Structure formats: C-alpha cells, structure tokens
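Okay, here's what each chain looks like letter by letter:
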Amino acid sequence: MGKAIKTSVVLIITLIGIAGYTLAQVPEGTMMYTVSMDQPSSHYYQVSFQYEGIQAKAIDLKMPAWTPGYYMILDLAKNVVDFTATDASGRPLAVEKTAKNTWHITTAGVQTLKVNYYVFANRVSVAEPYLSDKRGFISPTGIFMHVNGQLNHPVMVRIKPFSGWSHISTGLDPVSGMEHTFTAPDFDRLYDCPILVGNQDLIDFDYRGIPHHIAIEVAGNCNREKLAADLKKIVESATSIIGDIPYKQYTFIIMQQGGGGLEHLNSMAVFADVTNYQGSEKDKGLLGFFAHEFFHLYNVKSIRPIVLGPFDYDKECITNMLWFSEGGTCYFEELILNQAGFLSRADFLKNAGRTMGSHENIVGHTFQSAALSSRDTWMLFFNRNENSKEVTINYYDKGSTLCLLLDLKIRHETGNAKSLIDVMRVLYHDINQLQNRGFTDEEFRRVCENIAGCSLSEFFNYVYTTDSIDYAKYLGYAGLNID
C-alpha cells in the first residue's frame with residue numbers, strides 16, 4: 001500500500017493477458033456477475049450473480065472482510081442490502097445469513113442459481129467501492145462474493161455503465177464478442193483488478209512492446225505527453241531492478257478527491273492531482289508516489305511474505321515482514337527515482353537522513369520493533385488512539401532505513417559485488433517464479449546471508465528488537481557520516 005498523499009486521485013488499471021471466453025454467450029458451468037449503476041447519485045450498485053452447473057445441496061456465498069494491500073478489517077459485507085436468491089425460473093431459494101459475511105443458500109436440485117443484491121458505496125477509498133455522479137470505482141472485494149471453497153473458479157464480469165459514462169478501465173481481460181464483459185481465471189485475480197467507470201482521459205505508451213495505459217479521472221491542464229514520458233522512465237528504471245516484466249499490459253488509474261494508493265499486479269489505483277502536472281520540481285513527490293505503487297508489483301505482489309497470497313479473505317493475514325514489503329518499497333522508490341534521473345545523490349541522502357530522523361525522534365521507537373509494528377498494523381495503523389503516538393512506530397520509515405543499512409552491509413561484505421538488488425532477484429526468481437509462492441521469515445534471512453556471505457545477526461536484531469542502531473558503523477561502509 002502506498003503512503004497517503006494529500007492530492008487528488010490518480011487511478012491506474014492494467015489489462016492482464018489471460019485465457020478468456022471467446023463465445024458471445026455465457027457458457028454452461030460458469031459464474032458470471034453483472035454490475036449496474038443506473039442511479040449513481042444514490043451510491044448504490046446493483047449486483048447480479050449467475051452460477052451455472054451447481055451440484056452441491058447448499059452453497060455459501062462470502063464477501064471478503066478486507067482488501068489485500070490495505071491491512072485493516074473493513075467488514076465489507078456491511079454495505080450489502082436486499083440479498084435474494086432464486087433458481088432459473090425465479091423461484092425463491094432459502095437463504096440464511098450464518099456469519100457477518102456469509103449467506104447460506106439451499107440449492108438442492110437446482111442447476112442454476114441467480115443472486116441479486118445492492119451494495120452501498122459512498123466511502124472514498126482505494127480499498128472500498130465508490131459510486132457518485134462523478135465516477136464509479138469498483139474495488140472488487142467490496143462488490144463480488146465468492147462461493148466458499150471455489151476461489152480458483154473462473155469468473156466473468158459484465159459492467160453496465162451509467163448512461164452518461166463512456167469508458168471502463170480495468171485489469172480484467174475483455175471477452176471477445178461481449179460488450180463491457182471481462183474475465184478472470186480465478187477470484188484472486190478478480191479481487192486484484194479494480195474497475196474505473198466514467199469519462200476519464202486515456203493516454204497510452206509502450207515500453208519494450210508492452211502497452212501501458214493511463215486513466216486520469218480529471219486531467220485539467222496536465223501535460224499529458226510529459227506525464228506519459230515520466231511514467232515510462234519510472235517503468236524502465238523499476239523493471240530493470242528485477243530484470244523481468246510479469247505483466248502483458250499495465251494501467252495507471254488516477255482519481256481525484258481522495259487519498260492514498262493501492263498496488264495491483266498489473267495496475268495501480270491512486271488518488272493524485274495531476275491537473276497541473278508539468279514535470280517540474282514540485283511534481284517530484286507525485287513521481288515518487290507512482291514509483292512506490294509501481295514497484296509493489298514486485299515487492300508485495302510477487303516478492304511477498306508467504307501469508308500474503310493466496311489470501312484468507314475472512315481474517316487478518318499477519319506477518320513480521322511489512323517493514324520490508326512496505327518500508328523496502330520506500331527505499332527502492334528512491335533508487336528508482338535516482339536511476340530515472342528525477343532524484344540527485346544529494347537529495348537521496350537528504351531524504352534518507354530525514355527518514356532516519358522521523359523514526360529516531362519519536363518516543364515509540366523504544367517500545368515497538370519493526371517486526372512487531374508489522375504484526376500490529378491491523379490494529380494500530382488505521383485505528384490509532386490517544387496512546388498510539390507514544391508506543392508505536394511507522395514501519396515505512398524504519399523499514400526504509402533498515403533496507404538502506406542492509407544494502408550497505410551486503411555491498412561492504414562483498415566488495416560491492418552484491419547488493420540488496422541481488423536479494424530481490426533471488427526471492428523473485430527462485431521462490432515466486434519457480435515455486436509460485438511467498439517466502440518465510442527464515443528464507444528471507446537465509447537469502448540475505450547467502451548473498452552477503454556472512455552472518456547478519458546484528459542486522460536482524462535491529463529488526464526484531466528496539467536496540468539502538470549503530471548508524472555510524474553501517475553508514476561508514478559507504479564513507480558517510482551522521483550528525
């Protein structure tokens with residue numbers, strides 16, 4: 001998840017090249033959703049679900065309790081209204097709500113299930129759906145339910161835009177011959193593909209033959225050519241770090257009037273004001289924001305703690321490693337900007353010092369470790385109380401600093417032959433690509449120590465304790481001093 005930014009919204013969505021249906025009709029044995037938004041000022045989406053080829057005597061439909069990348073239980077089912085279920089002929093089926101996010105439907109003898117419900121969508125967030133007369137933003141976890149035990153089932157989605165809107169931007173693959181209809185190979189992919197419906201400006205650029213789409217809700221006086229050129233430089237810099245591009249298309253969704261951003265495997269959804277974007281010095285903060293969310297397609301979506309995919313959508317997925325997944329992305333964000341020519345060496349060091357100070361100058365750094373901060377984020381990041389400031393830290397800040405120190409340590413021990421980039425590449429290629437999974441805490445440490453060629457006990461002690469960091473020692477590896 002990106003750091004909050006007090007600007008308008010930038011919404012980015014990417015099309016994923018996946019095997020899809022090519023018939024101009026719904027095949028048997030499929031799941032299909034239809035989403036309508038006839039009265040956007042009411043803030044209600046109308047959702048219809050049709051499931052063909054049912055064999056079970058009963059099924060449970062479940063709405064996720066949270067959105068991956070946004071580490072907070074949102075209880076998205078609270079927005080569901082007027083849930084009904086029928087068979088193909090319209091005969092009502094028995095429905096019982098057995099949990100706050102679960103609807104139990106008796107389907108004995110029924111081959112086709114039809115479900116209808118409404119979703120109230122009036123909270124501006126990258127993690128929740130929103131609908132108004134300005135835009136429709138479909139955060140999939142807050143709109144689409146899944147059949148319990150069938151997250152791996154293919155699914156199609158048909159969008160019926162409000163009559164005054166002309167564009168749909170999404171990471172889902174379009175279905176040939178079916179207007180405004182998309183497909184996903186499973187619900188994990190569906191939940192990773194937000195959808196923007198409205199009259200957004202569309203800008204395209206190619207990098208290494210791969211199309212990249214920019215969807216801007218309000219472009220205003222934005223220098224569109226300059227924004228596309230600058231985003232292309234970020235893509236070039238970021239993808240060179242890992243050396244592989246795991247998507248077939250990428251979309252930047254830029255919305256207005258909101259805060260924050262959320263990463264996806266082939267898209268990002270962000271709030272950012274680009275109405276006056278000219279690529280000037282004052283726009284560097286926006287570029288850092290975009291670089292952060294873009295690099296998350298590697299660090300979090302691909303290189304990830306093992307609990308962060310496949311997900312348990314019912315409850316918290318707790319990890320010690322957000323200091324690396326989020327704080328590390330902050331560190332690489334700066335490297336990306338430097339390599340792309342947007343950030344000087346002096347500014348890089350100035351920002352690093354500021355980040356260290358942000359951590360060391362709060363009382364909480366004597367109470368909470370980076371690992372514990374990662375674990376407690378579900379309770380304390382968005383739900384801070386009067387005591388939080390005194391006893392907690394920001395794992396973005398400490399994590400970024402820790403990754404700088406780890407990088408310097410590896411470079412020092414290997415005579416600058418290896419770096420944290422080598423750690424990232426091993427985690428990406430050997431664990432994500434070859435084994436299609438995330439890493440354990442132990443595997444992360446082992447890869448770091450293998451690359452460094454030595455024990456990193458002192459460094460990892462800084463991760464799991466509140467012991468004072470020997471900044472002078474680690475910064476001294478690069479000939480740097482600290483005041």
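Below or above, wherever it landed, is the structure these notes cover. (Residues numbered from 1 in each chain as written. Predicted model: local features only at pLDDT ≥ 70, side-chain atom pairs only at ≥ 80, totals over all residues. Heavy atoms only, no water.)

Along the backbone of the chain there are 13 helices and 21 strands. Taken over C-alpha atoms, the radius of gyration comes to 23 Å for the chain, in line with the 23 Å a tight globule of 483 residues would show. Judged by the C-alpha coordinates and their principal axes, the chain covers about 75 × 45 × 45 Å. The proportion of buried residues among the 483 residues of the chain is 56%. Sequence separation of at least 24 residues holds for 73% of the intrachain contacts in the chain that already meet a minimum separation of 6. (Helix = DSSP H or I, 4+ residues; strand = E, 2+ residues; numbered from the N terminus. Rg over C-alpha atoms; globule rule 2.2 N^0.38 Å. Buried < 20%, exposed > 50% of the residue type's maximum accessible area, 1.4 Å probe, protein only. Contact = heavy atoms within 4.5 Å.)

Strand pairing within a sheet occurs via backbone hydrogen bonds; the two strands may be parallel or antiparallel. Read across the open sheet, the four strands follow the order β6-β7-β4-β11; overall the sheet is antiparallel. Each edge of the open sheet carries a strand with a single partner, namely β6 (95-99) and β11 (146-147). Both strand β4 (residues 58-62) and β11 contribute to a ladder of two bridges, which runs antiparallel. The residue of β11 that forms the bridge with K62 is H146. (Pairing = 2+ DSSP bridges.)

As paired strands, strand β2 (residues 31-36) and strand β12 (residues 155-160) are joined by five bridges and run parallel to one another. Considered in β12, the bridge of M32 is made with M156.

Overall, the coordinates contain 15 salt bridges when judged by the stated rule. With a shortest N-O distance of 3.1 Å, R445 and E449 are connected by a salt bridge. Residue R445 and its partner E449 are both found in helix α11 (residues 441-452); the two are separated by four residues, about one turn of the helix. Accessibility expressed as a relative area gives 30% for R445, which makes it partly exposed. K473 is the salt-bridge partner of E458, the closest N and O atoms lying 2.9 Å from each other. A residue pair is termed long-range when its members are at least 10 positions apart, and E458 in helix α12 (residues 457-464) and K473 in helix α13 (residues 471-476) qualify at 15 residues. (Salt bridge = Lys/Arg side-chain N within 4 Å of Asp/Glu carboxyl O.)

This next bit is on the packing of helix α2 (residues 224-242) against helix α10 (residues 420-435). Contact pair α2 / α10: the axes reach a minimum separation of 8 Å and the direction vectors enclose 75°. Considered as vectors, α2 and α10 are oriented roughly perpendicular to each other. In contact with S240, I241 and I242 of α2, α10 contributes I421, M424, R425, Y428 and H429. In terms of residue class, the contact of α2 with α10 is made up of five nonpolar, two polar and one charged. (Axes fitted to C-alpha atoms, helices over the stretch in contact; angles between N-to-C directions. Parallel < 35°, antiparallel > 145°, perpendicular 65-115°, else oblique. Nonpolar A, V, L, I, M, F, W, Y, C, P; charged D, E, K, R; others polar.)

If you want to describe how two helices pack, look at the angle between their axes and the distance between the axes. Two elements in contact, α11 and α12, have axes whose closest approach is 11 Å; the angle formed by their N-to-C orientations is 145°. As α11 packs across α12, the resulting crossing turns out to be right-handed. Taking contact as the criterion, the partners of D441, F444, R445, C448 and E449 in α11 are, on α12, S457, F460 and Y464. In terms of residue class, the contact of α11 with α12 is built from four nonpolar, one polar and three charged. (Left-handed = near helix turned anticlockwise from the far one by under 90°.)

This next bit is on unusual backbone geometry. With an omega of -5°, the peptide bond running from G309 to P310 counts as cis. If you trace the backbone, P310 turns up in the loop between α3 (284-295) and α4 (322-325). Positive phi outside glycine occurs at D82, with the angle close to 60°. Along the chain, D82 falls in strand β5 (residues 80-86). The backbone phi angle of N416 is positive, close to 65°, even though this residue is not glycine.

This part takes up the packing of aromatic side chains. Counted under the stated rule, the structure contains 39 aromatic pairs. Arranged with centres 5.9 Å apart and planes meeting at 65°, the rings of W323 and F324 form a pair that is edge-to-face. We note that W323, like F324, is buried. Between F381 and Y396 the ring centres are 5.8 Å apart and the planes differ by 45°, which places this aromatic pair in the tilted class. One end of the pair, F381, is in the loop between α7 (370-380) and α8 (388-391); the other, Y396, is in helix α9 (residues 395-413), and 15 residues separate them in sequence. In this structure F381 comes out as partly exposed when scored by relative accessible area, which is 27%. Ring-pair connections join several aromatic residues into one group, and the members of that group are W66, Y71, F187, Y191, F311, Y313 and W378. (Phe/Tyr/Trp six-rings, centres within 6.5 Å; stacked < 30°, edge-to-face > 60°.)

A full pass over the atoms with the stated rule returns zero disulfides. C448 provides the cysteine sulfur closest to C454, a residue in no disulfide bond, and the two sulfurs are 11 Å apart. Residue classification places C454 among the partly exposed residues on the basis of a relative accessible area of 21%. (Disulfide = S-S within 2.5 Å.)

Along the chain, L475 falls in helix α13. A relative accessible area of 5% places L475 in the buried class. Considering only alpha carbons, one finds L475 and K409, 66 residues apart in sequence, at a separation of 8.9 Å. In contact with L475, other than residues within four places in its own chain, are M356, L404, L405, L408, L480 and I482.

Examined against the element boundaries, A184 turns out to sit in strand β15 (residues 181-184). Along the primary structure A184 and W165 are separated by 19 residues, whereas in three dimensions their C-alpha atoms are 24 Å apart.

So, to be careful, I would describe these as geometric facts and stop short of saying anything about function.
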